[in-house]
Structure formats: structure tokens, C-alpha cells
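# Geometric and topological summary
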Amino acid sequence: MFKLNETHSINLISWVESANRAGCDYSIQNLPFAQFRRMNSNENFRGGVAIGDKVIDLAALSLMGVLKGKAQAAAQACTQPSLNEFMAMGVEVWSALRLALSRALRNGSELQDALTICLIPQSAVEYSLPCQIGDYTDFYTSIHHATRVGSLFRPDNPLLPNYKWVPIGYHGRASSIGISGQTFHRPNGQTMVPGAEKPCVGPCKRLDHELEIGIFIGQGNHLGEPIAIENSEDHVFGICLFNDWSARDIQGWEYQPLGPFLAKNFASTISPWIVSLEALAPFRTSFSHPIDDPQPLPYLTSDINSEAGGIDIKLQVFIQTEKMRNDSQEPEKITDSNFHHSYWTIAQMVTHHTVNGCNLRPGDLLGSGTQSGPELAEAGSLLELTVGGKHPITLSNGEKRAFIEDGDSLFIRGNCHRDGAAYIGFGEVVSTVLPAKNNLKHR
Ligand code: MN
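Residues numbered from 1 in each chain as written. Predicted model: local features only at pLDDT ≥ 70, side-chain atom pairs only at ≥ 80, totals over all residues. Heavy atoms only, no water.

Looking now at helix 6 (residues 143-153). Those residues of helix 6 that fall on the buried side of the exposure criterion are I143, H145, A146, R148, V149 and G150. Structurally, helix 6 contributes buried residues whose contacts are with helix 7 (248-254) and helix 11 (382-385). (Buried < 20%, exposed > 50% of the residue type's maximum accessible area, 1.4 Å probe, protein only. Helix = DSSP H or I, 4+ residues; strand = E, 2+ residues; numbered from the N terminus. Contact = heavy atoms within 4.5 Å.)

Under perfect tetrahedral coordination by four donors, a metal shows angles of 109.5 degrees; under perfect octahedral coordination by six donors, it shows angles of 90 or 180 degrees. Only D138 (OD), E210 (OE), E212 (OE) and D244 (OD) from the protein coordinate the manganese ion, and they sit 2.1 Å from it. In the primary structure, the donors to the manganese ion are separated according to the pattern D-x71-E-x1-E-x31-D. Here E212, found in strand 13 (residues 211-217), pairs with D244, found in the loop between strand 14 (236-243) and strand 15 (246-247); they are 32 residues apart in sequence, far enough to count as distant. Classification of D244 by relative accessible area gives buried; the value is 0%. (Donors = N, O, S within 2.8 Å, 3.2 Å for Na, K, Ca; no water.)

So, on to the packing of aromatic side chains. A complete count under the given rule lists 13 aromatic pairs for this structure. Each ring, one from Y26 and one from W273, has its centre 5.8 Å from the other, and the planes form 50°; the classification is tilted. On the criterion of sequence distance, the pair formed by Y26 in the segment before strand 1 (33-38) and W273 in the loop between strand 16 (268-270) and strand 17 (284-285) is long-range, its members being 247 residues apart. Look at W273 and you get buried, because its relative accessible area is 2%. Among the aromatic residues, those joined into a ring-pair cluster are F33, F86, W94 and F237. Seen from the ring of F318, R413 lies directly overhead, with NZ or CZ sitting 4.3 Å from the centre. (Phe/Tyr/Trp six-rings, centres within 6.5 Å; stacked < 30°, edge-to-face > 60°. Lys NZ or Arg CZ within 6 Å of the ring centre and 35° of its normal.)

Any functional reading would require information beyond the geometric quantities listed.
Here it is as C-alpha cells:
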């Protein structure tokens, strides 16, 4: 786990002035990674780092040859059309590039002229997925989400007995994961209406979002070699925002006995910028299970995980309906939550995933599961906010939502701040629902 170092100092000031503004997501203490190119161009996507309202073009920087050693090797790896190679280089290399960029971006740096040439306004770029996501696993780490959803699906038995022992997850599908700005058609699928004689097929009627964080794996492990909890964070490249779109009516009919399938693999959207665990070092929190709960088995326990396994990441969800967009009305906040509510830490997720010898690879993505807090206003899905659709929420323009409707855009934003540390943000992830395709065979 990272100790605080010179890159976290609250006193750093950048010659990129927009980075010094209060509340700027991409302060000099953040330095997140993405894959980008100039908007509407035929350029190759390549690695970039956010600073203020600009992107540092790492491919251009690599060509200038002004960085040294591991930092230069890192920048060179970021010339590739995906970040997998850079992710595979490991924590010392990521950290070396961060330190070099932090120094180069500070007021008075000798490299200011060289770096200035490599800056592109964020408003003039577009993003791709940051890497090839070989495998995607979705966890279920909010006990508040698990309990509320469980009580809707199984009123007599909301939280299954394994929950407090096993970091529950399922293997999802990577092919439908898209980058922020994604639009997708409402999924069609098979559902069983309560009281009906047989199921029917058609557009999902209970479309929902899930407020999650995405965890990118950096260096992987060999098949058959579990990752000990003491080392597990060394395998984590960084964190993004993640909206795991879900079709609740399809899910309710299909999920037993093998778990989620088509309710979950039609679209999931990630934010473009990946914030490193090093940047998140000032926001670590202690971690424990409630005293009356079972304590994790030894392989999921370490001193450092107890001292600082949690992360204080403030998470918000906003909705903008088609009418709001047409009326130029800003997205409206419907949820305020925090990753520190998670019942399992990132280290525990990685270690549990590999306890059987399963191999993770660079670029693999772990979803945290819906990050709901204990209060209803902290619920990370409409399923919870509306109690299974029974109590629709009312937006300020009078529109009501039980579930997501066609034309709705959903935004997730995240940031970290506390006294004595510089503010850093994750930016946002937005995606928009289009009407279902009307191409089903009905008879
Ligand atoms: Mn999910």
C-alpha cells in the first residue's frame, strides 16, 4: 500500500493553471490515465494523463525523450492503442511515471516548454476503452444493497448466510462494456409477469442503473498461484466509475439457480479516466466488519487491510430525462453514497478471486457491485430507491421515475476530499438509453 509522498503534497502548484482551481477533478495530485485521440480524427488512440482541463499526450511526450529510465519506458508503453502493456509493467513503473509527471508539471519545472507542446484541451478529445478487457467480474460488496435487493427478491430470506463470509461475485461479459457517452438500446428479453401462466418476450420494463466503481487489474498472476492479501493491491492499476446497467424483470426470472445472465450483459459503462491507488493514498480509511458479524477468514485478513483497506470515495448519481435535456435542465442528483460502505475491500476482492488459483490478467475489470449506503438516499439503484418500483421518485420538473425510461441519461460522478489533502475527482460516466429494437419474433 502506498505511503504519502511528495506527489500528494497539498502545496504543489502546477503551471497548468486550470489544475489549481478549487474543485478541479484533475489536480496535480491526481494524474489519472486514459486512452484518447483528437475528436473526430483518424489518429490512433494512445495513452494520456489528465491535468486541469488538458490531456498530456504520452505518445508525443515519449517521442521527445525528455523523461528518464522507468518513466520513459512507461511513456513509451503508452504509445500503444491500449494500456494493457503499461498496466502489465507493474507498480514501480506506474509510480515512476507519476513522480516524473508530477515534477514536470510543477511551477518552475525545466520541462514546462517540452510538456506544453504535449498538451491538448480535454474539450477537443474523445476517449476509447482504456484497454482490452479480457475478463470482467462483478462483485456484490455492499451489504446494504444486498439486504435491500434480497428483501425484494426473497422477503423471507433477504441476506443469504454465505454473504458475510464470501465476497460474492459472478463472471460477467466484457464485450458489452463501453466508454462514457455510450448509448444502447433497451434490452429485449424473457420475463415472467407475476400471476401469468407463461413467460413472454419483449422490451425490459424495469431497466435500472447500478452505481459501482470499476477496478482495473495491472500485473496479473499465473494460473494456480493465488495472490496473498498482503500483495494484492500491487496488482491493481486503478479505479474508474462504473454503471452496470441491469434489467430487473429479466433478472428476476432468469437468476436462479446460476445467477445473472442476460439481465446484465447488454451494456455497462465506464468513465474514461483511471485514478491510481497511489493518487488515492490520502483517502484510505480503516476497515472492519461490525463486531457482531463473523470476522473474515485468515486469508482475507491483514494488518494493513484493517488499518487502511477502505477508501473514502464520494459517489453521486444524477439523472437527466429527455425532457430535461430538451429544456436545458441540468442533471438532477438522486443518490449520494460512498465506497467506504463496502463490506469487502479491494484487497479482499483480488485475493478471494485468486484463492482457487484463478489467473487475473492485465486489463481485467472487477466491478465493486452497487455501492449503496445504509440510508435510502444512499441507494445506488432505482430498484432500491423506489422499493422495487412501488414508490416512484419525483424529479423537480414533476416527472416521475420508477425505473429508467427511453431517452434518460444517467451520470455517475465521484471525488475524494478531506482536510489536509488535495481534492481529486474521477470525472463522470454518462450513458443514454434508446428505445428497444422492434425485431423480435412473436409467433
Ligand atoms: Mn453490478
